[in-house]
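# What the coordinates show
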Amino acid sequence: MTAYYIDAKTAADTGKKVAWITSSGPVEPLIAMDVIPVYPENHGTMIGASKMGVDLCEKAEAMGYSRDMCSYARADIACSPTNGGPIGGLPRPDMLVCCNNICGTVLKWYEIQARYYDVPLFILDTPVIHTTFSEAARTYVRHQVADYIVFLETCCQKKMDRDRMAEVGRLSIQEQKLWQSVLDTAVNRPAPMSAFDAFFHLALIVTLRGTQTAIDYYTLLLQEMRERIDAGIGAVPVERWHLLWDNLPVWYKTKWLSDTFASREACLVADTYTSAWCSSLQYMDETDFLTSMADGYSRIYLNLGVDQMADTVIGMIDHYGVQGLVMHSNRSCKPYSLGQYDIQKIVQKKRGIPTLIIEADMVDARNFSEAQIETRIDAFMEMLTP
Amino acid sequence: MSEDYREMWQSLGLDLAGHDALLGVLGGAYQDIFLSQKNRPAGMAYFDFVMSEVHGLRIRELLDEKKAGRKIIGSYCVFVPEEIVLAANATLVGLCSGADFAMSEVEKLLPRNTCALIKSSFGFKLGKVCPYLESADMIVGENTCDGKKKAYESLGHLVDNLYVMDLPQVKSDHGRALLKSEYLRFKTEVENLTGVAITPESLREAIQTVNKKRAAIHRLSALRKADPAPISGLDALLANQVFFYDNPARFTDSVNKICDELETRVAEKNGVFPAKAPRILISGCPMAVPNWKLPFVIETSGAVIVGEESCVGERGTRNLTAESGNSVSEMMDAIVDRYYQVDCAIFTPNPDRLNHIREMAAAYHADGVIHYGLQFCQPYLMESIPVEKALEEKNIPTLRIETDYSMEDMGQLKTRIEAFVEQLR
């Protein structure tokens, strides 16, 4: 990751182009065009984990942005004029690529940044899939994918190498399978990794999807997890309870949350967030990657209806054998947080396991009350005990 | 209320105690906000009557229509084409979403940081106090903002007749094609509901009916360009709000009648505010009945509102549907073209909206613009900053307000708006 950021930060010197792209955006064509993808949301996670979120969010608020706006967006927007954050700001983009399969906020956020840097913006509009992906919506997205390639060819002033694109697509699918295999190791007891580990290892599947680097990394990681399984090494010292996490991490409190659950003999063995980067794997076609991108990028977890999301959660409860569900009602993320109460009810009805909803924010620590959340976790843990 | 409608409300399953409480608050607010205004046009008596019977006589009319075999379709958004609904022999009504109700119940279903409009729509359902919702044979949701997209998933668990329409978030030929396919799907759904096939004749008549409604509102809007303003912003907003509830033909007649009266007022320079009173354009989120807080504060601070760049206002009504089509297909294309021009903040980029605000500010001789954003409404709140910047570059003073439906910030709003109005003098 360090090498990646050095490449990105020195792109202006090496003559490479940089594209800012949303976290679940179609990165593979960028890789195929030798454009360095940079993720403002990843930057947001670093800002959150570095506990720099409050300062940057306050700067954005001083610029006029509402405190209720997504904290990734606020932190990123505030970084641009100040070169703030743990790496002194992101490298200047040559273009922006925005896919609204994760939320609508990114549309305005990227428009603001496109205006600030005076660079072209491409939007891939992926209609939300309440029940089924209609043929009209599929056609709509496929046309846009074709437009996306034209956009990149125009920005880069070169034609796309279709063979290279096919290879990148193949690598991307392989990586998603590897990532799923890594996550699946947590079905073992003791679980060799927890969701908190997954939050860390996620970086490459987001950032370097479609590259050999990510393949090599996840191959090694999978091997290590298998060794841990063989050696009976668990992620937490005493593993009595297995839990599922829903929504983005609370980046500035991951250690505290990890320690709090571990000290109560609980391991969060899986989460709906990190698994989202392989959630539409079944729709990706290695033999025709570009065409399958319409389905693959529209049918990710966050762009689905509540019933389908609940089905996914229940599938994970069964697959990972969890005894409780912890839901982070994230002040910043409407698509993730709206509908959680419905999912909670569906889970309680169909699986009858205890659920906990904690209210917080992924980057803005002003929305986290440690004492209140600890009390709620204690009450939840008591519910788990027979 | 001129009659006792309790039996009717009971038959709709309303919570009578809750509904009484709602009407009590509504009646009091209406008295304080509307009836206390001085020198109102006589034609406003019609709208006063409509509001006094908004849960009474109008509901009885709708139920009578249902008895006669007509279907009622409820919607929350200006992207639902009334032309298609009317052409299939159904009636379109706006659904209640302008006041806080049963919030403690709502927050068991939706996060606290959901916008007041969405929470309100849930509150009216959970509190069983919206007779329009309970009368509707179909409720149409539309995929506009993130909040609504997900909230309709939850609403779908509370009602059994929800239909969700997809909308593109980008304006392009491909986006228009998606919208067209959605409107054709909606047309089929409405035809299936009513059992009435839309014909060229029925669709043409429906287009004309809705266009007449819009044209009447255009006439009213044009009269507000006069100084002194012949009608208050509150009363003009009320007409725009009633647009969503009333019988279309009767609404058109009533607006035209008041326009006749306003023309005389303009000729006589008879205004509701003194000449040269600071003139305000409101821009931003929609204001559904009974969301009158901000206009009330503005107009009791010495300024007059001369236009609304809003879905409940000119954004929702400004464009007409072309009447030149001969076939259903041609007319459906005209409908798609008309609605695809609506410059809602869900679209990115959205330069038409900014241009329209500038045009309105010039056309209505506005001295300043107040951008109204509902708390937690990301699309409008995020657009408000470029709007403010662009307007101030043109030396148009702009004030951004972020609020909700509660009365807790009335004092704060009053202070900010009085200071803004003072700046305009």
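Quick notes on the rules
- Think of each chain on its own: its residues are numbered from 1, step by step along the sequence as written.
- Chain letters start at A and ligand numbers start at 1, both assigned in the order the entries are written.
- Since the coordinates come from a predicted model, pLDDT governs what is reported: local features require at least 70, and pairs of side-chain atoms require 80 or more to be given and counted, while whole-chain, interface and lining totals use all residues.
- Neither water nor hydrogens contribute to the side-chain values; these are computed over all heavy atoms in the structure.
- Counting from the N terminus, the helices are the DSSP runs of H or I reaching at least four residues and the strands are the DSSP runs of E reaching at least two.
- To get the radius of gyration, use the C-alpha atoms; to get the globule rule, take the number of residues to the power 0.38 and multiply by 2.2 Å.
- Each residue is assigned to one of three classes by its accessible area relative to the maximum for its type, calculated with a 1.4 Å probe on protein chains only: buried under 20%, partly exposed between the two thresholds, exposed over 50%.
- Following DSSP output, two strands are said to pair if at least two bridges run between them.
- Helix axes use the C-alpha atoms of the stretch in contact, all axes being lines fitted to C-alpha atoms, and the angles between their N-to-C directions lie in the range 0 to 180 degrees.
- Whether two residues touch is decided by their heavy atoms; if any such pair falls within 4.5 Å, the residues are in contact.
- The pocket and cavity definitions rest on a 1 Å grid over protein atoms only: a 1.4 Å probe that fits but cannot leave marks a cavity, an open set with protein on both sides within 12 Å along at least five of seven lines marks a pocket, and residues lining either have an atom within 4 Å of a point.
- Grid points are joined across faces, edges and corners, and a volume is the space filled by probe spheres set on the points.
- Residue classes follow a fixed rule: Ala, Val, Leu, Ile, Met, Phe, Trp, Tyr, Cys and Pro count as nonpolar, while Asp, Glu, Lys and Arg count as charged, and any other residue, Gly among them, counts as polar.
- Each of two parts loses accessible area, computed with a 1.4 Å probe, when they are put together; buried area is these two losses added.
- Between Lys or Arg on one side and Asp or Glu on the other, a salt bridge is scored when a side-chain nitrogen of the former is within 4 Å of a carboxyl oxygen of the latter.
- pLDDT expresses, on a scale from 0 to 100, how confident the predictor is about each individual residue.
- With strands facing away from the observer, any crossover in which the path from the first strand over the helix to the second runs clockwise is taken as right-handed.
- The labels follow the angle: roughly parallel below 35 degrees, roughly antiparallel above 145, roughly perpendicular from 65 to 115, and oblique for the rest.
- By convention a nonpolar core is built from buried Ala, Val, Leu, Ile, Met, Phe, Trp, Tyr and Cys residues, the set being connected through side-chain atoms within 4.5 Å.
- By convention here, the domain bounds are inherited from an automatic or database domain assignment.

### A few points about the overall build of chain B
For chain B, the count of helices and strands is 19 helices and 8 strands. The C-alpha radius of gyration of chain B comes to 21 Å, within 12% of the 22 Å expected for a compact globule of 425 residues. With respect to the three principal axes, the spread of C-alpha positions in chain B is 60 × 50 × 45 Å. Split into buried and exposed, the 425 residues of chain B put 63% on the buried side.

### Details of the sheet that holds strand S3 (residues 138-142) of chain B
Strand pairing within a sheet occurs via backbone hydrogen bonds; the two strands may be parallel or antiparallel. All names here are of chain B. Read across the sheet, 4 strands follow the order S2-S1-S3-S4 without closing on themselves; strand pairing throughout is parallel. The sheet is open, and its two edges are formed by strand S2 (90-94) and strand S4 (162-165), each paired on a single side. Each strand axis lies, on average, 30 degrees off the axis of its neighbour in the sheet, ignoring direction. Two elements, S3 and S4, share 4 bridges in a ladder whose sense is parallel. Directly across from Val140, in S4, lies its bridge partner Tyr163. Sitting on the sheet, helix H4 (residues 57-67) is in contact with strand S1 (71-75) and S2, with an inclination near 155 degrees to S2.

### Quick notes on empty space enclosed by the protein
Residues and elements named next belong to chain B. All told, the structure shown has 11 cavities of 30 Å³ or more when counted by the stated rule. Taken together, 18 residues line the largest cavity, and the ones lying closest to its centre are Val80, Glu82, Leu92, Phe243 and Phe244. The set of elements that each furnish at least two residues to the lining of the largest cavity consists of S2, helix H11 (200-223), helix H15 (314-317) and helix H16 (328-339). Residues belonging to the lining of the largest cavity are distributed by class as follows: 10 nonpolar, 4 polar and 4 charged.

### Some words on the interface of chain A and chain B
Taken together, the contact pairs 46 residues of chain A with 42 residues of chain B. Interface of chain A and chain B: buried area, both sides summed, is about 3,800 Å²; carbon and sulfur atoms make up 56% of it. The largest per-residue losses of area from chain A upon contact with chain B belong to Lys108(A), Lys334(A) and Leu338(A), which jointly make up 19% of the total buried on that side. There are 2 salt bridges connecting chain A and chain B.

### Side note on the confidence of the model for chain B
This prediction gives chain B a mean pLDDT of 96; 99% of its residues lie at or above 70. Interface scoring of the predicted complex returns ipTM 0.93; its pTM is 0.95.

### Thoughts on the pairing of strand S6 (residues 266-271) of chain A
All names here are of chain A. Within S6, 6 of the 6 residues are buried, which leaves it mostly tucked inside the rest of the structure. Where strand S5 (residues 241-246) and S6 come together, 5 bridges link them in parallel fashion. Bridge pairing in S6 links Trp245 to Asp271. Traced from S5 through helix H12 (residues 254-262) to S6, the parallel crossover comes out right-handed.

### What about unusual backbone geometry?
Put simply, Arg189(A) and Pro190(A) share a cis peptide bond, and its omega is 0 degrees. Within the secondary structure layout, Pro190(A) lies in the loop between helix H9 (162-184) and helix H10 (195-207). Backbone torsion omega between Thr348(B) and Pro349(B) reads -10 degrees, so that peptide bond is classified as cis. Note that Pro349(B) resides in the loop between H16 and helix H17 (351-363). Phi at Lys51(A) is positive, roughly 60 degrees, even though this residue is not glycine.

### Topic: the packing of helix H6 (residues 71-82) of chain A against helix H7 (residues 105-117) of chain A
Residues and elements named next belong to chain A. Closest axis-to-axis distance for the H6/H7 pair is 11 Å, and the angle between their directions is 5 degrees. With respect to each other, H6 and H7 are oriented roughly parallel. Two secondary-structure elements touch here, H6 through Tyr72, Ala73, Asp76, Ile77, Ser80 and Pro81 and H7 through Thr105, Trp109, Ile112, Gln113, Tyr116 and Tyr117. In terms of residue class, the contact of H6 with H7 is made up of 8 nonpolar, 3 polar and 1 charged.

### Brief notes about the environment of Ala186(A)
Residue and element names in this part refer to chain A. Within the secondary structure layout, Ala186 lies in the loop between H9 and H10. According to the relative accessible area criterion, Ala186 is buried, its value standing at 1%. Not counting chain neighbours up to four residues away, the residues in contact with Ala186 comprise Ala191, Pro192, Met193, Val269 and Tyr320.

### Description of the side chain of Ser310(B)
All names here are of chain B. Tracing the chain through its elements places Ser310 in the loop between strand S6 (304-309) and H15. Since its relative accessible area comes to 4%, Ser310 is described here as buried. Ignoring any residue separated from it by four or fewer positions in sequence, one finds Ser310 in contact with Gly284, Cys285, Pro286, Met287, Arg315 and Gly316.

### Description of the nonpolar core
Residue and element names in this part refer to chain A. Counting 156 residues, the largest nonpolar core has Leu30, Tyr72, Trp179, Tyr218, Leu257, Phe261 and Tyr273 as its most contacted members. Per element, the largest residue contribution to this core is 10 residues, and it comes from helix H8 (residues 135-156). The residue makeup of this core includes at least three contributed by each of domain 1 (2-160) and domain 2 (194-208 + 237-383). Setting aside its immediate chain neighbours within four residues, Leu30 contacts Ala19, Ile21, Val35, Pro37, Val97, Tyr148 and Leu152.

### Thoughts on the sheet that holds strand S4 (residues 121-124) of chain A
Residues and elements named next belong to chain A. Strand order in the open sheet formed by 4 strands is S2-S1-S3-S4, and the pairing between neighbours is parallel. If you trace the sheet from one side to the other, it starts and ends with strand S2 (36-38) and S4, each paired once. Neighbour to neighbour, the strand axes of the sheet diverge by 25 degrees on average, direction disregarded. Where strand S3 (residues 95-99) meets S4, 4 bridges bridge the pair, whose relative direction is parallel. What sits directly across from Cys99, in S4, is Leu124.

### Regarding the domain arrangement of chain A
All names here are of chain A. The domain boundaries assigned to chain A delineate domain 1 (2-160) and domain 2 (194-208 + 237-383). A C-alpha centroid distance of 23 Å is found between domain 1 and domain 2. Every contact between the two is made by 45 residues of domain 1 and, on the other side, 34 residues of domain 2. Here domain 1 packs against domain 2, burying approximately 3,300 Å² in sum over the two surfaces, 57% of which is carbon and sulfur. Taken together, the connections running from domain 1 to domain 2 amount to 5 salt bridges. For the salt bridge of Arg74 with Asp364, the shortest nitrogen-to-oxygen distance reads 3.1 Å.

### A short note on the layout of surface pockets
Looking at the second largest pocket, its volume works out to about 560 Å³. Taken together, 24 residues form the lining of the second largest pocket, with Ile112(A), Arg115(A), Ile385(B), Pro386(B) and Lys389(B) sitting closest to its centre. For the lining of the second largest pocket, the secondary-structure elements that each account for two or more residues are H6 and H7 of chain A together with H17 and helix H18 (378-393) of chain B. When residues of the lining of the second largest pocket are assigned to their parent elements, the largest contribution, 7 residues, is made by H18(B). For the lining of the second largest pocket, the per-class residue count stands at 14 nonpolar, 4 polar and 6 charged.

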